[in-house]
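Chains, contacts and geometry: an overview
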Amino acid sequence: MLLRLPTSVSEAQECMAEGAVPIGGATLIWATWQRDGFPEQAMSLRELPEANTIGRETLGGAVILNRIDDRVPEALRRAAATVGTGAVRRTATVGGNIVGSTLRCLLPAALVLEARAVVLDPDSVYETDLTEVLAKGHLLLGLRWRDPITSAYRKLPGEAGGPPPLVVAAALHTAGTGGTRLRVAVRDGYDVLTEGTEYDAGSDSEQVLDDLRRTAVGALHATAWEAVHELVTDLLSRPTGR
């Protein structure tokens, strides 16, 4: 297998056009290749600057999970820190986790940040929503979002060999009306649900939670709602900041 390491977007597009299979850390596909055979060409974006950005409002698809630090919002940072083992986090990438994994531990955090996906295809680079990326398996060049007021993430303990642990993420954003927008995402099993509500400065936490309770998130089972309630209560009690 020839591993190609493009250093520019145009070179990466050339690799794609020539049939190179995109990979990240290959943590999810190596065993499949060993069983079914390796492709003639593979392509990693680890040398592509656009895929390795880390900042207040951007995260590259080729960024290794253990590189994610306090330059990004808390929800994304904590999500990355809970993925697999230390060995996995030293190899797995943002794009591999969101697009290539069935667990997608980073997805709830990206959704509450209202992140948009930057996609690379053989002919163009464009921005789209995460729903399209997941449905079509696009090559993720990176994520972009507007820095939130604050955010949080929690993964509940899971049993070895059992179902995926419940994940809850939440973020507060400044709303166009001058108020605040709350976004919440829950991973229950392999499904991810996201909802939101807006409120003004005079609203108390119970009023905000009552509004959220009337959404699809509020219809989840008791354990999920308890985790949402706890995380959102903590978020609403914080001073502004990341």
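How each quantity is defined
- Residues numbered from 1 in each chain as written.
- Predicted model: local features only at pLDDT ≥ 70, side-chain atom pairs only at ≥ 80, totals over all residues.
- Heavy atoms only, no water.
- Axes fitted to C-alpha atoms, helices over the stretch in contact; angles between N-to-C directions.
- Helix = DSSP H or I, 4+ residues; strand = E, 2+ residues; numbered from the N terminus.
- Left-handed = near helix turned anticlockwise from the far one by under 90°.
- Contact = heavy atoms within 4.5 Å.
- Nonpolar A, V, L, I, M, F, W, Y, C, P; charged D, E, K, R; others polar.
- pLDDT = per-residue confidence, 0-100.
- Core = buried A, V, L, I, M, F, W, Y, C linked by side-chain atoms within 4.5 Å.
- Buried < 20%, exposed > 50% of the residue type's maximum accessible area, 1.4 Å probe, protein only.
- Salt bridge = Lys/Arg side-chain N within 4 Å of Asp/Glu carboxyl O.
- Pairing = 2+ DSSP bridges.

We now examine the packing of helix 8 (residues 205-213) against helix 9 (residues 222-236). At their nearest, the axes of helix 8 and helix 9 sit 10 Å apart, and the two run at 145° to each other. Like other packed secondary-structure pairs, helix 8 and helix 9 cross with a definite hand, here right-handed. Where helix 8 abuts helix 9, its residues Ser205, Glu206, Val208, Leu209, Leu212 and Arg213 lie against Trp225, Val228, His229, Val232, Thr233 and Leu236. Grouping the constituent residues of the contact of helix 8 with helix 9 by class yields 7 nonpolar, 3 polar and 2 charged.

A few words now on the environment of valine 208. Residue placement: valine 208 occurs in helix 8. Here the alpha-carbon distance between valine 208 and threonine 197, two residues 11 residues apart in the chain, equals 7.6 Å. Here valine 208 is in contact with Leu182, Thr197, Tyr199, Ser203 and Leu236, once residues within four sequence places are set aside.

The next thing to look at is the confidence of the model for the protein. For the protein, per-residue confidence averages 91 on the pLDDT scale, and residues scoring 70 or more make up 95% of the total. No element of the protein has a lower mean pLDDT than helix 2 (residues 30-36), at 71, and none a higher one than helix 6 (residues 107-112), at 98.

Ranked by size, the top nonpolar core spans 35 residues in total, and within it Leu59, Val94 and Leu143 carry the most contacts. Elements represented by at least two residues in this core include exactly helix 3 (74-81), helix 5 (94-100), helix 6, strand 6 (116-120), helix 7 (130-136), strand 8 (139-144) and strand 10 (167-174). In this structure leucine 59 touches Thr53, Ile54, Ile68, Val72, Leu76, Val94, Gly142, Leu143 and Trp145, once residues within four positions along its chain are discounted. Core analysis: the second largest hydrophobic core is formed by 22 residues, Val168, Val217, Ala227 and Val228 among them.

On to the pattern of salt bridges, then. Tallied over the entire structure, the rule returns 12 salt bridges. The partner of aspartate 147 in a salt bridge is arginine 56, with the nearest N and O atoms 2.5 Å apart. Taken together, the residues span a long stretch of sequence, with aspartate 147 in the loop between strand 8 and strand 9 (150-155) and arginine 56 in the loop between strand 4 (54-55) and strand 5 (58-60) at a distance of 91 residues. Overall, aspartate 147 belongs to the partly exposed group, its relative accessible area being 22%.

Moving on, we come to the sheet that holds strand 6. Spatial ordering of the open sheet is given by 4-5-8-6-7, a layout of 5 strands whose pairing is antiparallel. Two strands in the sheet have a free side with no partner beyond their single neighbour: strand 4 and strand 7 (125-128). Relative to strand 7, strand 6 is paired through 4 bridges, and the arrangement is antiparallel. Across the sheet, residue leucine 120 finds its bridge partner in strand 7, namely valine 125. Where helix 1 (residues 9-17) meets the sheet, its contacts fall on strand 6, strand 7 and strand 8, and the angle it forms with strand 6 comes to roughly 65°.

Turning to helix 3, a few remarks are in order. All of the buried residues along helix 3 are Glu74, Ala75, Leu76, Ala79 and Ala80. Where helix 3 is buried, its residues meet strand 5, helix 4 (86-89), helix 6 and strand 9.

Burial analysis of strand 10 places 7 of its 8 residues in the buried class, which makes it a mostly covered element. Alignment of strand 9 against strand 10, held across 6 bridges, turns out to be antiparallel. Bridging across to strand 10, serine 151 finds its partner in alanine 171. Where strand 10 and strand 11 (residues 180-188) come together, 8 bridges link them in antiparallel fashion. Directly across from alanine 169, in strand 11, lies its bridge partner alanine 185. Between strand 10 and strand 11, which pair antiparallel one after the other, the connecting turn spans 5 residues, and glycine 178 there sits at a positive phi close to 95°.

The next point concerns the pairing of strand 12 (residues 191-199). Bridge count for strand 11 against strand 12 is 9 bridges, and the pairing is antiparallel. Bridge assignment links alanine 185 to a residue of strand 12, and that residue is threonine 194. If you look at the hairpin formed by strand 11 and strand 12, you'll find 2 residues sitting between the two strands, and glycine 189 has a positive phi there, around 70°.

With that settled, the discussion passes to the sheet that holds strand 9. The antiparallel open sheet is built from 4 strands, whose spatial order is 9-10-11-12. Every interior strand has two partners, whereas the edge strands, strand 9 and strand 12, have only one. Neighbour-to-neighbour, the strand axes of the sheet open up by a mean angle of 10°, direction not taken into account. Relative to the sheet, helix 9 contacts strand 9, strand 10, strand 11 and strand 12, its axis offset from that of strand 10 by approximately 30°.

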